[in-house]
Amino acid sequence: MLAGLSEWFWQERLWFPKGLGWADLEDRDGRIYAKAHDLWAALPIALAFLIIRQIFERTVATPLAALLGVKETVRLKAPHNPTLESYYCNITKNPSQTSIASLCKQTGSSERQVQRWFRRRRNQDRPSLLKKFREASWRFTFYLLAFIAGLAALIDKPWLYDLQEMWQGFPVLTLLPSQYWYYMIELGFYGSLLFSVASDVKRKDFKEQIVHHVATILLISFSWCVNYIRAGTLIMLVHDSSDYLLESAKMFNYAGWRNACNYIFIVFAAIFIVTRLVIFPFRIIYCTWVYPVTIYEPFFGYYFFNGLLMVLQCLHVFWAVLIIRIAVRFLTNNEKVDDERSDKDETDESGEEEEEEGVKKDTKKNGPVQNGHTVHNNNHRKRE
C-alpha cells in the first residue's frame, strides 16, 4: 500500500510539464541537480538551530537586554485558590459578571477580590518582557544574516535583474553550493520555528503564523524537488528584506527607546509594502504565473506552487492592514508604536491597596487625610 501511494505521489505528470521527468534531474557530466532526499538535511539543521537559539538567548540576548535597559515588571502572583484555578483552567480566563457573583458565593470572597485574582492570574500567563526581547533579538539576528547571505548569493545572478531568466533551461538547472546552503538553512530555520511554536510568545495572529510557517516549508520543499530553485531564492530574499527591521523595532520597543522604535517601524512599513504588496505579487508571482505557460503546458505542480504563493500573499495583505493602521496612528497622532498582536499586562490594583493602607496608617498617626495628604486644622480657637 505504501509503495503504491509513493508511486502515485511521485508520478512525473504531477511534478513536471509534459515530456519532462525525474530522469532529467539525474547528475551527469559533472552537473549536480536538487534531489528530494536532500531535504532530510534540514532536520538536523532545525535541531541545531534550537540548540543555538538557547545558547544565543542566554549568552547574547540577555546581556544585551540589560545593556539596553530592558526592565522586568514585577508581577504579583495570584494567591492559591483551587476553585478559581479550576474555573480559570477549565472554563474561561475572563468570567462574566454573573460568573463572578457565583464565584464570590463559592469562595466567600468579594467581587473585587475575585476580579483581582483573575487579573493577576492572566498576567502570570503572559510572557515576560525579557522573553519577548530575547525572541525578537534571535529572529533579528537570523533574518539580518539570512538577508545578507541571500543577497551575496544572488548579487551576480542574472535572474535577480531579469526575472524571466529563472525559467531559462528549466528544469535542467544546475544546483550551486550557495543555493544548496541557502535553501537548507532557511528550511531548517522555519522548521525550528514550527518546533518551538508551543513555547514562543503567542500573539493574536497565532493561527496565521502557523499557516505562514507551514506554507513556507511546503513552498521551499516543493520548489526544491521540482527545481524551482531560482524562483525560491528570490522569494526568500524578498521575505528576508524587511523582517529584520520589524524585529529590531520590537527590541527597541521592549527597551523603552520610543523614538528609535517608531522610526525603524516606519522604515520597515515602507519596505514591507514595497516588497510584499508590489514586488512580490506584480513581479515574482506574475513571472511564476504568466511566463511559464509560454514555455510549457500547465500541470499540477504549476498550480500547487502558485497556490502556495497566493496563500502567502493573502497573509501579506492581512499583516499590511495591521502595519498601516499602526503607522497611520503614529504619523497622525504621534502615538507610540505598539504591536497590536501582543497581549498587554493588565493594571493590578495592588498599588492602590498599598496606598490605601498607607493612608489608614497616616490617619491614625496624623488625623484625617485627603487625597493622600494630611488635612491641617487651621480653625484654632483663641484662648480667652
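In what follows, the accompanying structure is described. (Residues numbered from 1 in each chain as written. Predicted model: local features only at pLDDT ≥ 70, side-chain atom pairs only at ≥ 80, totals over all residues. Heavy atoms only, no water.)

Looking at the overall build of the protein chain
For the protein chain, the helix and strand inventory stands at 13 helices and two strands. Relative to its full complement of 384 residues, the protein chain shows a buried share of 43%. Counting only contacts in the protein chain whose residues sit at least 6 apart along the sequence, the fraction spanning at least 24 positions is 79%. Split by element, the accessible area of the protein chain, about 21600 Å² in all, is 60% carbon and sulfur. (Helix = DSSP H or I, 4+ residues; strand = E, 2+ residues; numbered from the N terminus. Buried < 20%, exposed > 50% of the residue type's maximum accessible area, 1.4 Å probe, protein only. Contact = heavy atoms within 4.5 Å. Areas by Shrake-Rupley, 256 points an atom, 1.4 Å probe, with all protein chains shown as cover.)

Concerning helix α9 (residues 206-225)
Here α9 contains 20 residues, and its C-alpha end-to-end distance of 29 Å stays within 8% of the 28 Å for a straight helix at 1.5 Å per residue. Following α9 by one or two positions, Asn227 has its phi on the positive side, about 65°. (Expected span 1.5 Å × (residues − 1).)

Focus on unusual backbone geometry
Even without being glycine, Asn227 reaches a positive phi, approximately 65°. Counting through the fold element by element, Asn227 comes out in the loop between α9 and α10 (229-255). Relative accessible area serves as the criterion here: at 2%, Asn227 is assigned to the buried category.

Re the packing of helix α8 (residues 177-195) against α9
At a minimum axis separation of 10 Å, α8 and α9 run at an interaxial angle of 155°. Taken together, the axis directions place α8 and α9 in an arrangement best described as roughly antiparallel. Like other packed secondary-structure pairs, α8 and α9 cross with a definite hand, here left-handed. Two secondary-structure elements touch here, α8 through Gln179, Tyr180, Tyr183, Met184, Glu186, Leu187, Tyr190, Gly191, Leu193 and Leu194 and α9 through Ile210, His212, His213, Val214, Thr216, Ile217, Ile220, Ser221, Ser223 and Trp224. (Axes fitted to C-alpha atoms, helices over the stretch in contact; angles between N-to-C directions. Parallel < 35°, antiparallel > 145°, perpendicular 65-115°, else oblique. Left-handed = near helix turned anticlockwise from the far one by under 90°.)

Examining the environment of Ile271
With respect to the element layout, Ile271 can be found in helix α11 (residues 258-289). Under the relative-accessibility criterion, Ile271 is labelled partly exposed at 27%. As a C-alpha pair, Ile271 and Ser242 span 29 residues in sequence and 6.1 Å in three-dimensional space. Apart from residues lying up to four places away in sequence, Ile271 is in contact with Ser241, Ser242 and Leu245.

Some thoughts on the packing of helix α3 (residues 42-68) against helix α7 (residues 129-154)
Interaxial distance between α3 and α7 falls to 8 Å at its minimum, and their mutual angle equals 115°. For the element pair α3 and α7, the recorded crossing hand is right-handed. In this structure, α3 contributes Phe49, Ile52, Arg53, Phe56, Glu57, Ala61, Thr62, Leu64, Ala65 and Leu68 to the contact, and α7 contributes Leu130, Phe133, Arg134, Glu135, Ser137, Trp138, Thr141 and Phe142.

Overview of the environment of Gln113
With respect to the helices and strands, the residue Gln113 is situated in helix α6 (residues 111-125). Residue classification places Gln113 among the partly exposed residues on the basis of a relative accessible area of 40%. Each C-alpha atom, one on Gln113 and one on Ile100, is 10.0 Å from the other, the two residues being 13 residues apart in sequence. There is a polar contact of 2.9 Å between the side chain of Gln113 and the backbone nitrogen of Ser110. (Polar contact = N/O pair within 3.5 Å; in protein donor to acceptor, adjacent residues only side chain to side chain.)

Describing the packing of aromatic side chains
Applying the stated criterion across every chain yields a total of 28 aromatic pairs. Each ring, one from Phe189 and one from Tyr190, has its centre 5.7 Å from the other, and the planes form 75°; the classification is edge-to-face. Like Phe189, the residue Tyr190 is buried in the burial classification. Feature note: the residues Trp15, Trp167, Phe222, Tyr228, Phe300, Phe304 and Phe305 constitute an aromatic cluster, connected by ring pairs. (Phe/Tyr/Trp six-rings, centres within 6.5 Å; stacked < 30°, edge-to-face > 60°.)

With respect to the side chain of Ser192
Counting through the fold element by element, Ser192 comes out in helix α8. Among the polar contacts made by the side chain of Ser192, one reaches the main-chain carbonyl oxygen of Phe189 at a distance of 2.5 Å. The residues contacting Ser192, other than those within four sequence positions of it, are Ala46, Phe49 and Leu50.

Quick notes on the pattern of salt bridges
Side chains bearing opposite charge may pair, as long as their charged atoms lie close to each other. If you walk through the whole model with that rule in mind, you get six salt bridges. A salt bridge links Arg53 to Glu57; its shortest N-O distance comes to 2.9 Å. Taken together, the residues Arg53 and Glu57, both in helix α3 and four residues apart, mark about one turn of the helix. For the residue pair Arg53 and Glu57, the accessibility class agrees, reading buried in each case. Close ionic contact of Arg53 with Glu135 constitutes a salt bridge, the shortest N to O distance being 4.0 Å. Linking Arg53 in helix α3 with Glu135 in helix α7, this pair joins segments that are 82 residues apart in sequence. What makes Arg53 buried here is its relative accessible area of 7%. When its relative accessible area of 5% is taken as the criterion, Glu135 is described as buried. When salt bridges that share partners are traced, they join Arg53, Glu57, Glu135 and Arg139 into one network. (Salt bridge = Lys/Arg side-chain N within 4 Å of Asp/Glu carboxyl O.)

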